[in-house]
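# Close look at the chain arrangement
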Amino acid sequence: QLQLAEAGGGLVQPGGSLRLSCAASGGIISIYAMGWYRQVPGKQRELVARITSGGSTNYADSVKGRFTISRDNAKNTVYLQMNSLEPEDTAVYYCNAAQYSRGDYYTRAWGQGTQVTVSS
């Protein structure tokens, strides 16, 4: 069974950077679309960025130009480079693996989440 483990969260000042990583075990990520989601208390989990098995990427409008998602299939790991962080980026960030079928994505695994706090 595929398992995902995030790392790299923490406290950072506005304008700073963080790099999140998501290491997979129990399966290979190369066959999945990998995504980063985030959630704040009282709100729905939202998609931040996704990278398909073919390497195509898409981003939420709020993070375009600041965040970059990448994958290293040899290391079975996905990354989220976050630059120019804003207080509004504060959330728990979750890694997601999904299969694409018939025009939609179907979740196969979630990580446990890592807290990112942007504050001075």
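Heads up: these notes are all about the structure in this document.

Cut-off values and rules
Residues numbered from 1 in each chain as written. Predicted model: local features only at pLDDT ≥ 70, side-chain atom pairs only at ≥ 80, totals over all residues. Heavy atoms only, no water. Salt bridge = Lys/Arg side-chain N within 4 Å of Asp/Glu carboxyl O. Helix = DSSP H or I, 4+ residues; strand = E, 2+ residues; numbered from the N terminus. Buried < 20%, exposed > 50% of the residue type's maximum accessible area, 1.4 Å probe, protein only. Disulfide = S-S within 2.5 Å.

What follows covers the pattern of salt bridges. Inspection of the entire model under this criterion finds five salt bridges. For D61, the salt bridge identified is with K64, shortest N-O distance 3.1 Å. One salt bridge connects R66 with D89, and the closest N-O pair in it is separated by 2.8 Å. In this pair, R66 is assigned in the loop between strand 6 (57–59) and strand 7 (67–72) and D89 in the loop between strand 8 (77–82) and strand 9 (91–101), connecting sequence segments 23 residues apart. Both residues of the pair, R66 and D89, belong to the buried class. One connected set of salt bridges, linked through shared partners, spans R38, E46, R66, E86 and D89.

This paragraph deals with the state of the cysteines. For the structure on display, the rule yields one disulfide. Here C22 connects covalently by a disulfide to C95, the sulfurs 2.1 Å from one another. What sets the handedness of the C22 and C95 disulfide is the S-S torsion sign, and at about -85° it is left-handed. Taken together, the residues C22 in strand 3 (residues 18–25) and C95 in strand 9 connect sequence positions 73 residues apart. Assigned by exposure class, C22 and C95 land together as buried.

A few words on unusual backbone geometry. Within the chain, S84 stands out as a residue other than glycine whose phi angle is a positive 50°. Checked against the element boundaries, S84 lands in the loop between strand 8 and strand 9. Although it is not a glycine, R102 adopts a positive phi angle of roughly 50°. Examined against the element boundaries, R102 turns out to sit in the loop between strand 9 and strand 10 (104–110).

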